[in-house]
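Each chain, written out:
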Amino acid sequence: MINKEVLTSYLARMQRYIAKERLLENEPMRQHTTFAVGGPADILVLPTSIEEIVLAVRYARELNLPLTILGGGSNVLVLDGGIRGIVIQLQNMKATLQCQEKLVVASAGFMLADVCQFAQKNGLGGASFSCGIPGTIGGAVFMNAGAYEGEMSQIVSHVRTVNEKGEVCSYDATACAFSYRHSRFQETNEIIVEVELALKKEDPLVIQQRMDELMKRRRSKQPLEMASAGSTFKRPQGHFAGTLIDHAGLKGLTYGGAQVSTKHAGFVVNTGKATAQDVLTVIRMVQERVASVHGVQLETEVRILGEA
């Protein structure tokens, strides 16, 4: 349990620099995640600049408050007890979106779909695979998100971060330690604040046609009309998670308000009134059944945060 006085002190400091409407106490995280579940954050900070992030991190460090970072709220499951300490969510970080020759530079809070559309309008291809991935560009780099044989590591050329000391750092792509659904930032707990993409010149019409085709495929196969965190499980080596789950007879499996999607078994969805515990129970049931039937242990791609 965190001392209330310490949280009050943090708020008082931050209110000197950030408007009160972007400093939220006991904020329900179901309102800030695509799964639409989750208990309250002690304090939710919604910064708009690198300077505000630096202050938020330094004050949290000085007061010894735990710090959790979110992008757009996709790819996470916040548990029903909520998150203690400070949550910094980056969806308001939209200071920069610009094109320089074959480079696109974007603040971390821009939705990946918007960055793809910006690149298309500037005749820059190579990012089309990511046009339907939910979430921010910062979160996509953090997870090395991917789809349709592409992943962020193929197009990222430079990343700026704020580290745990509140210092601004820079990394080229080779220093990001990208691998399947992984980057160095998952270990260092740095906050990605800006991303540079190295793309290629291409006809905007050709890029748009490719994006339209991929979105059509995504809409036809994935339950985009329901609340979820995206693909729930990582792809096990030599298999597809959705296929294993389907062949184990689990499509449509329901517990409380959570369900294995009837459209794509790789997604656990919120049918309307799920709790985080409902979702977690379905995830565990799927893992146990797939291990029993196929001898494969599924790992969650979704990050599980907070207290039960």
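The structure presented is a predicted model; accordingly, all values stated were derived computationally and were not measured.

(A) Geometry of the pattern of salt bridges. Counted according to the given criterion, the structure contains 12 salt bridges. Linking Lys 4 and Glu 25 is a salt bridge whose minimum nitrogen-to-oxygen distance equals 3.6 Å. On the criterion of sequence distance, the pair formed by Lys 4 in helix H1 (residues 4-14) and Glu 25 in strand S1 (residues 23-28) is long-range, its members being 21 residues apart. The exposure class assigned to Lys 4 is partly exposed, which follows from its relative accessible area of 49%.

(B) A look at the UniProt feature "domain: FAD-binding PCMH-type" (unreviewed entry) in the protein. Annotation from UniProt places "domain: FAD-binding PCMH-type" (unreviewed entry) at residues 37-202. Span residues 37-202 is 20% helix and 34% strand, its end C-alpha atoms 41 Å apart.

(C) View of the sheet that holds strand S5 (residues 83-89). Spatially, S1-S2-S5-S3 is the arrangement adopted by the four strands of the open sheet, whose pairing is mixed. Bordering the open sheet on either side are S1 and strand S3 (67-70), each of which pairs with just one other strand. Put simply, the sheet's adjacent strands are angled 35 degrees from each other on average, direction ignored. Pairing geometry for S3 and S5, over four bridges, is parallel.

(D) Spotlight on the pairing of strand S11 (residues 156-162). Of all seven residues that make up S11, five are buried, and the element is covered over most of its length. Pairing geometry for S11 and strand S13 (residues 191-198), over six bridges, is antiparallel. Along S13, the bridge assignment pairs Val 159 with Val 195. In the sheet, S11 pairs with strand S12 (residues 168-172) via five bridges, with the strands oriented antiparallel. When the sheet's bridge partners are listed, His 158 is paired in S12 with Asp 172.

(E) Up close: the domain arrangement of the protein. What the domain assignment reports for the protein is domain 1 (4-89), domain 2 (97-220) and domain 3 (223-305). The gap between the C-alpha centroids of domain 1 and domain 3 is 28 Å. Each partner contributes residues to the interface: domain 1 has 15 residues there, and domain 3 has 19 residues. It is Phe 35, Asn 75 and Leu 77 that lose the most area in domain 1 upon contact with domain 3, and together they represent 49% of the buried surface on that side. The tally of links from domain 1 across to domain 3 stands at 11 residue pairs in polar contact (both at pLDDT 80 or more). Those elements that place two or more of their residues in the side of domain 1 that touches domain 3 are S3 and strand S4 (76-78).

(F) Quick peek at helix H3 (residues 112-121). Looking only at H3, the buried set comprises Leu 112, Val 115, Cys 116, Phe 118, Ala 119 and Gln 120. Against strand S6 (97-100), strand S7 (103-107), strand S8 (124-125), helix H4 (137-143), S13 and helix H6 (204-221) lie the buried residues of H3. Gly 123, located one to two residues past H3, shows a positive phi value of around 65 degrees.

(G) Fine view of the packing of aromatic side chains. In total, this model carries two aromatic pairs according to the counting rule given. Pairing Tyr 171 with Phe 185 gives two aromatic rings, centres 5.6 Å apart and planes at 70 degrees, and the pair type is edge-to-face. Separated by 14 residues along the polypeptide, Tyr 171 in strand S12 and Phe 185 in helix H5 (residues 185-188) bring together distant segments of the chain.

(H) Expanded view of the sheet that holds strand S16 (residues 254-255). Here four strands make up an open sheet; going across it, the order is S15-S18-S17-S16 and the pairing antiparallel. The open sheet has two free edges, formed respectively by strand S15 (227-228) and S16, since each of these has just one partner strand. Pairing between S15 and strand S18 (residues 268-270): two bridges, direction antiparallel. The partner of Ser 228 across the bridge, within S18, is Val 269.

(I) Here's a closer look at the UniProt feature "active site" (unreviewed entry) in the protein. Per the UniProt entry, the sites bearing "active site" (unreviewed entry) are Arg 181, Ser 231 and Glu 301 in this numbering. A maximum C-alpha distance of 11.6 Å among these annotated residues, which run over 121 residues, shows that they cluster at one spot. Structurally, the position occupied by Arg 181 is in the loop between S12 and H5. Apart from the residues lying within four places of it in its own chain, the contact partners of Arg 181 are Met 143, Asn 144, Ala 145, Gly 146, Glu 151, Gln 186, Lys 234 and Glu 301.

Rules used throughout
- Residues numbered from 1 in each chain as written.
- Predicted model: local features only at pLDDT ≥ 70, side-chain atom pairs only at ≥ 80, totals over all residues.
- Heavy atoms only, no water.
- Salt bridge = Lys/Arg side-chain N within 4 Å of Asp/Glu carboxyl O.
- Helix = DSSP H or I, 4+ residues; strand = E, 2+ residues; numbered from the N terminus.
- Buried < 20%, exposed > 50% of the residue type's maximum accessible area, 1.4 Å probe, protein only.
- UniProt positions renumbered as here; feature names shortened; annotations may be inferred.
- Pairing = 2+ DSSP bridges.
- Axes fitted to C-alpha atoms, helices over the stretch in contact; angles between N-to-C directions.
- Domains from an automatic or database assignment.
- Contact = heavy atoms within 4.5 Å.
- Buried area = accessible area lost by both parts, 1.4 Å probe.
- Polar contact = N/O pair within 3.5 Å; in protein donor to acceptor, adjacent residues only side chain to side chain.
- Phe/Tyr/Trp six-rings, centres within 6.5 Å; stacked < 30°, edge-to-face > 60°.

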